[in-house]
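Report on the structure
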Amino acid sequence: MARTALVTGGTRGIGAAISKQLKEDGCNVAATYAGNDEAAKKFTDETGIATYKWNVADYDESSAGIARVEADLGPIDIVVANAGITRDAPFHKMTPEQWHQVVDTNLTGVFNTIHPVWPGMRERKFGRVIVISSINGQKGQFAQVNYAATKAGDLGIVKSLAQEGARAGITANAVCPGYIATEMVMAVPEKVREAIIGQIPTGRLGEPEEIARCVSFLAADGSGFVNGSTISANGGQFFV
Ligand code: CAA
């Protein structure tokens, strides 16, 4: 039986690779996006994957959007909380607005994405919850007090949900990508990016598809004993 998967931020970057991989794995996939209608339309035209627009930072929008996905595609078995933003600044320059924008999307947005699908997963005794955290939630990062705090918080969500869902057949796991060749990383000043690549033993940025493979593994029916874990995919840049 085909599983239904929801991928937030699923039309661009790492999320787009995850959406495509899960489709290839045989899932019915819904990919969400926040604002870029043009990219979403192009994505649907190219992949046939349904897209839905809502702001993950808003609980009511998220639960209404999830209800629409379930009416269209059926109950959600796999949820990938991937949507995330950066508002980088050294701490002495970081504004409360930059703090709140990142917390609202990357941390509260993860709550808003998982909470509405959780009761159905418990009832059906099956679920795969996968949160895309970051290497910078593990090690911290200059100019990312806000982002690193949320990505570390995402690991706390996963480890707690793993304990709550285990008896109901639900697993919760995280993937911590390192620096991946996406628009987000390309927005880092070139000199800084080159210095970061110098710290990656593999000697290159990762590819979105290399993160999607981790998600595919965690989402599989046969991965039920992998619960509360973190897969680091960072080219050897950081070990935990
Ligand atoms: N470590 C130490 N010092 C650093 C540094 C670092 N990683 N990055 C910048 N600096 C230093 C600069 O050399 C500069 O020092 P000097 O003043 O002595 O020359 C100073 O910090 C920069 O200060 P500014 O006041 O000029 O900084 P700014 O307000 O212009 O901000 C910045 C610049 C936002 C920090 C910019 O350098 C930047 O974007 N850095 C990259 C941050 C980063 O790695 N973000 C990750 C994005 S990708 C991602 O988040 C995906 C993921 O999950 C991995």
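Coordinates for the structure precede this section.
Right, let's walk through the structure included here. (Residues numbered from 1 in each chain as written. Predicted model: local features only at pLDDT ≥ 70, side-chain atom pairs only at ≥ 80, totals over all residues. Heavy atoms only, no water.)

What follows is about the state of the cysteines. Per the counting criterion, the structure on display carries zero disulfides. No disulfide involves Cys27; its sulfur sits 16 Å from that of Cys214, the nearest cysteine. Lacking any disulfide linkage, Cys176 is separated from the closest cysteine sulfur, that of Cys214, by 10 Å. Taking the relative accessible area as the measure of exposure, Cys176 reaches 0% and is therefore buried. (Disulfide = S-S within 2.5 Å. Buried < 20%, exposed > 50% of the residue type's maximum accessible area, 1.4 Å probe, protein only.)

Right, let's talk about the site of the ligand for a bit. Surveying the vicinity of the ligand reveals 20 residues, the closest of which are Asp88, Lys93, Ser134, Gln144 and Tyr147. Take Lys93: an N or O atom from its side chain is 2.5 Å from an oxygen atom of the ligand. Tyr179 is positioned with one of its side-chain polar atoms (N or O) 3.2 Å from an oxygen atom of the ligand. Calculation on the ligand without its partners gives an accessible area of 1,100 Å², and the protein chains cover 58% of this total. Elements represented by at least two residues in the shell around the ligand include exactly helix H6 (135-139), helix H8 (183-186) and helix H9 (190-198). Class assignment for the residues of the shell around the ligand results in 12 nonpolar, six polar and two charged. (Near = heavy atom within 4 Å. Polar contact = N/O pair within 3.5 Å; in protein donor to acceptor, adjacent residues only side chain to side chain. Areas by Shrake-Rupley, 256 points an atom, 1.4 Å probe, with all protein chains shown as cover. Helix = DSSP H or I, 4+ residues; strand = E, 2+ residues; numbered from the N terminus. Nonpolar A, V, L, I, M, F, W, Y, C, P; charged D, E, K, R; others polar.)

A separate point is helix H2 (residues 37-47). Looking only at H2, the buried set comprises Ala39, Ala40, Phe43 and Thr47. One face of H2 carries all of its buried residues, which in axial projection span an arc of 100 degrees. Residues of H2 that are exposed and angled more than 90 degrees away from the buried face: Glu38, Lys41, Lys42 and Asp45. (Arc of directions from axis to C-beta.)

Both faces of the sheet carry side chains from a regular strand, because those side chains alternate between them. With six of its six residues buried, strand E5 (residues 127-132) lies for the most part within the structure. Neither face of E5 is exposed, since Gly127, Val129 and Val131 on one face and Arg128, Ile130 and Ile132 on the opposite face are all buried. Here four bridges tie strand E4 (residues 78-81) to E5, and the two strands are oriented parallel to one another. Looking at the pairing, Ile78 lines up with Arg128 of E5. Of the pairings in the sheet, the one linking E5 to strand E6 (residues 170-177) comprises six bridges and is parallel in character. (Pairing = 2+ DSSP bridges.)

Turning to the pattern of salt bridges, a few remarks are in order. Side-chain pairs of opposite charge can arise where the charged atoms are in close proximity. According to the stated counting rule, one finds seven salt bridges in the structure shown. For Arg3, the salt bridge is made with Asp77, and the minimal N-O distance between the two is 3.7 Å. In this pair, Arg3 is assigned in the segment before strand E1 (4-7) and Asp77 in the loop between helix H3 (59-73) and E4, connecting sequence segments 74 residues apart. Taking relative accessible area as the criterion, Arg3 reaches 17% and is therefore assigned buried. Linking Arg204 and Glu210 is a salt bridge whose minimum nitrogen-to-oxygen distance equals 2.9 Å. (Salt bridge = Lys/Arg side-chain N within 4 Å of Asp/Glu carboxyl O.)

Another point: the side chain of Asn106. Here Asn106 shows up in helix H4 (residues 96-114). Judged by its relative accessible area of 0%, Asn106 falls in the buried class. Of note is the side chain of Asn106, whose polar atom sits 2.9 Å from the backbone nitrogen of Ile85. Among all residues touching Asn106, those that are not within four sequence positions of it are Ala83, Gly84, Ile85, Tyr147, Thr150, Lys151 and Asp154. (Contact = heavy atoms within 4.5 Å.)

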